[in-house]
Amino acid sequence: MLKSWYKEMAVYQVWPRSFCDGDGDGIGDLKGVLSKLDYIKSIGVDAIWFSPLYKSPQKDYGYDIADYKSIQPEYGTLEEFKEVLDGAHKRGLKVIMDLVVNHTSDQHEWFKKSIEEPDSQYHDYYYWRKGKGKRRPNNWMSTFAGPAWEYNEKLDEYYLHLFAIEQPDLNMDNPKVREEVKDIMKFWLDMGVDGFREDVITFISKKEGLPSSPYWFPVATGIEKYMHGPHLDEYLMEFKRDVYDHYDCFTVGEAPMMTTKNALKHITEGENQQLNTMFHFEHMAADCLFYSWFKTSFNLKKLKKVFSRWQNELYGKAWNALYIENHDQPRIINRYGSVEYRVESAKMLATMYICQSGTPFIYQGQEIGMTNPTFESIDEFTDVSTVNNYGVAKSIMGADKALKLANYASRDNARTPVQWSAEKNAGFTTADKPWFKLNDNYKEVNVEAAEKDPDSVLNYYRKLLKFRKENEIVIYGSYKEHFKKSKELYVYEREYEGKKLLVINSFTDKEVQFVAPKGFDLTKGNLVLSNYNYPAVTSNGFKTKPYETRVYLFD
Ligand code: GLC
């Protein structure tokens, strides 16, 4: 197992709009970030990933970029960004930018010119196509908004948008577009940023001829024609050769529907490695089919199987990116944990994934155990994909059930302002109202309260990340799962240079009898992490408490 700085780091994700408002307009911004750098550092992370800060009409909250080289005025200026970058570096924190190049905003100059000057080079920056008679160029669906094609009367042509109507897809087959992408990367790397989280990067190569799909796939018909397209390898290699190879930078690709087999084509270490690691989605489907809108009941065996497959198949060859929350996922406590046992389950879930092999990512608010808010009506949601998915759900199950489902599945669950204190507006803003609703529980769940409580979720994250940093076994050790058939316990061991770690996690409020796997004697182990206070074990097992987690080190 090769060692590297990016394998040893832990990353904190900031979704800027809801992180901290520094200028009192109700919207999070860079001033707010600057005031919280010490806090971020105190969690024990080594890097910050910023969801898009660039100039954008905010139709998809920054994932629709109008100018890749400037900062959204609501968030601040480029000068302020440089201050944040500098402040982060001074504290030993790396900075990772979101790189969104599968599509731009429809307000980007390139797109505007592609319409205004159809004979210019910009027309071919996008997928403009004639219709087939009265029909669209193909039957692909957008994940956000009905068909993936939008008609433009002036040109009598359609353009492709795999996401919102305002997010036209870039034509990556055009070498000029790839040059633009490399230019954007260099602009930020030259400024001093340390890498990129590459948005839906595995969608950038579409099948030649853009053929219709023979399959109907809800909200994503056509996905097999672009999700791991024909030239992906080539384009990623070009980015690496022409850009990353010339900097000491980190890259993580977002990769929906990714399998281990396909991931290994891009992230296997060695000459042909194109990205350092990838965000796959398989473990985010233990309570649903593919994504949270197709809700099922939670299935621990499904979760364990996915985690173990990624751990086993990548070990020694490639590197995992570990996460259980981000700005696209509802809060994990509501999904895989328990609101009733909020603190216990938050700590257990943290241990469960951070003790695996990989670079852990922690999403803002996750470290204090934030949960989903309650949305009383569909008008309270602001996310473009929620509104679309709700419409589809309503036509199938009626308004009441669709609202209930949206409360479970919406990305807006993760986008409420960070709860800093019990003060007005949770200390997020001094404005009368924050831009988006707050979770009602902020008086109890907030950073200030967590700082004061030695047993808080926040202080547990600190302990856990410190333990990871000080024990190479957590970073580089091998992985082996035990009791695969258990529907309540997730138990695995790690092994490294003669040491062993046993990680025991209960996913239930019921008491379960745990007996240590063969070869382990708990009475000889050192209990290094736990979410309850216990007397020392005197036998080789115990009855679990609700959502209990224990980590034993044997050296
Ligand atoms: C990614 C982003 C998500 C965005 C989408 C389109 O999945 O994480 O927030 O809406 O891409 O850019």
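As the structure is a computational prediction, the values presented were derived from the model and not from experiment. (Residues numbered from 1 in each chain as written. Predicted model: local features only at pLDDT ≥ 70, side-chain atom pairs only at ≥ 80, totals over all residues. Heavy atoms only, no water.)

**Q** I'd like a description of the nonpolar core, backed by residues and values.
**A** Soluble globular proteins tend to bury their nonpolar side chains together. Formed by 150 residues in total, the largest nonpolar core has its most connected members in Phe81 and Met352. Setting aside residues no more than four positions away along its own chain, methionine 352 makes contact with Leu303, Phe307, Ile324, Tyr490, Tyr492, Asn505 and Phe507. Counting 16 residues, the second-largest nonpolar core is a separate cluster that includes Trp140, Leu160, Val200 and Leu210. (Core = buried A, V, L, I, M, F, W, Y, C linked by side-chain atoms within 4.5 Å. Buried < 20%, exposed > 50% of the residue type's maximum accessible area, 1.4 Å probe, protein only. Contact = heavy atoms within 4.5 Å.)

**Q** Just give me the short version of the environment of tryptophan 140, but keep the residues and values in it.
**A** Within the secondary structure layout, tryptophan 140 lies in the loop between strand E6 (128-129) and strand E7 (149-152). For tryptophan 140 and cysteine 249, which are 109 residues apart along the polypeptide, the C-alpha to C-alpha distance reads 35 Å. A polar contact is formed between the side chain of tryptophan 140 and the backbone oxygen of proline 211, at a distance of 2.9 Å. (Helix = DSSP H or I, 4+ residues; strand = E, 2+ residues; numbered from the N terminus. Polar contact = N/O pair within 3.5 Å; in protein donor to acceptor, adjacent residues only side chain to side chain.)

**Q** I'd like to hear about the side chain of glutamine 273, residue by residue, with values.
**A** By the element assignment, glutamine 273 lies in the loop between helix H8 (260-267) and strand E11 (277-279). On the accessibility criterion, glutamine 273 (12% relative accessible area) is buried. Discounting residues that sit within four places of it in the chain, glutamine 273 has contacts with Tyr6, Lys240, His266, Ile267 and Thr268.

**Q** Explain the packing of H8 against helix H9 (residues 300-314) to me, and be specific about the residues and the numbers.
**A** Between H8 and H9, the shortest axis-to-axis distance is 11 Å and the interhelical angle comes to 40°. Between H8 and H9, the interaxial angle falls into the category oblique. For H8 against H9, the interelement crossing comes out right-handed. Listed contacts from H9 to Thr260, Ala263, Leu264 and Ile267 of H8 are Arg309, Trp310, Glu313 and Leu314. Looking at the contact of H8 with H9, its residues break down into five nonpolar, one polar and two charged. (Axes fitted to C-alpha atoms, helices over the stretch in contact; angles between N-to-C directions. Parallel < 35°, antiparallel > 145°, perpendicular 65-115°, else oblique. Left-handed = near helix turned anticlockwise from the far one by under 90°. Nonpolar A, V, L, I, M, F, W, Y, C, P; charged D, E, K, R; others polar.)

**Q** I'd like a description of the site of the ligand, backed by residues and values.
**A** Near the ligand you find 14 residues, and of these Asp60, His103, Asp199, His327 and Asp328 are the closest. The separation between an oxygen atom of the ligand and a polar side-chain atom of arginine 197 is 2.9 Å. Contact distances for the ligand include 2.9 Å between an oxygen atom and a side-chain N or O atom of histidine 327. When the free accessible area of the ligand is taken as 300 Å², the share hidden by the protein chains comes to 96%. (Near = heavy atom within 4 Å. Areas by Shrake-Rupley, 256 points an atom, 1.4 Å probe, with all protein chains shown as cover.)

**Q** Before we move on, could you go through the domain arrangement of the protein chain and cite the residues and values that matter?
**A** Taken domain by domain, the protein chain holds domain 1 (10-102 + 252-461), domain 2 (103-251) and domain 3 (478-554). Relative placement of domain 1 and domain 3: their C-alpha centres are 28 Å apart. Carbon and sulfur atoms supply 64% of the area that domain 1 and domain 3 bury against each other, a total of about 2200 Å² over both sides. Taken together, domain 1 and domain 3 are joined by zero salt bridges. Here domain 1 and domain 3 share 13 residue pairs in polar contact (both at pLDDT 80 or more) between them. When contributions to the side of domain 1 that touches domain 3 are tallied by element, the ones reaching two or more residues are H9 and helix H11 (342-354). Broken down by element, the residue count for the side of domain 1 that touches domain 3 peaks at eight residues, all from H9. (Domains from an automatic or database assignment. Buried area = accessible area lost by both parts, 1.4 Å probe. Salt bridge = Lys/Arg side-chain N within 4 Å of Asp/Glu carboxyl O.)

**Q** Hey, could you go over the sheet that holds strand E18 (residues 526-530) for me, with residue numbers and the actual values?
**A** The five strands are arranged E14-E15-E16-E20-E18 in an open sheet whose pairing can be described as antiparallel. Each end of this open sheet is capped by a strand with a single partner; those strands are strand E14 (478-482) and E18. Across this sheet, the average inter-strand angle for adjacent strands is 20°, counted without regard to direction. Across six bridges, the pairing between strand E16 (residues 499-506) and strand E20 (residues 549-554) is antiparallel. For isoleucine 504, the partnering residue across the bridge sits in E20 and is arginine 550. Along the sheet, H9 contacts E14 and strand E15 (489-496); its crossing angle with E15, the most-contacted strand, is approximately 15°. Packed onto the sheet, helix H15 (residues 457-470) meets E16, E18 and E20 and runs at close to 135° relative to E18. (Pairing = 2+ DSSP bridges.)

**Q** Let's hear about the packing of aromatic side chains: which residues, and what values?
**A** Applying the stated criterion across every chain, the model contains 46 aromatic pairs. Between the aromatic rings of tyrosine 61 and tryptophan 435, the centroid separation amounts to 5.2 Å while the plane-to-plane angle is 55°, which identifies the pairing as tilted. Of this pair, tyrosine 61 sits in the loop between strand E3 (54-55) and strand E4 (67-71) while tryptophan 435 sits in the loop between helix H13 (399-409) and helix H14 (447-452); the two residues are 374 residues apart in sequence, bridging distant segments of the chain. Between phenylalanine 187 and tryptophan 188 the ring centres are 5.1 Å apart and the planes differ by 85°, which places this aromatic pair in the edge-to-face class. Judged by relative accessible area, which is 25%, phenylalanine 187 ranks as partly exposed. Taken together, the ring pairs in this structure connect Phe50, Tyr54, Tyr68, Phe81, Trp110, Tyr122, Tyr125, Phe187 and Trp188 into an aromatic cluster. Directly above the aromatic system of tryptophan 5 lies the positively charged group of lysine 94, at a separation of 4.3 Å from the ring centroid. (Phe/Tyr/Trp six-rings, centres within 6.5 Å; stacked < 30°, edge-to-face > 60°. Lys NZ or Arg CZ within 6 Å of the ring centre and 35° of its normal.)

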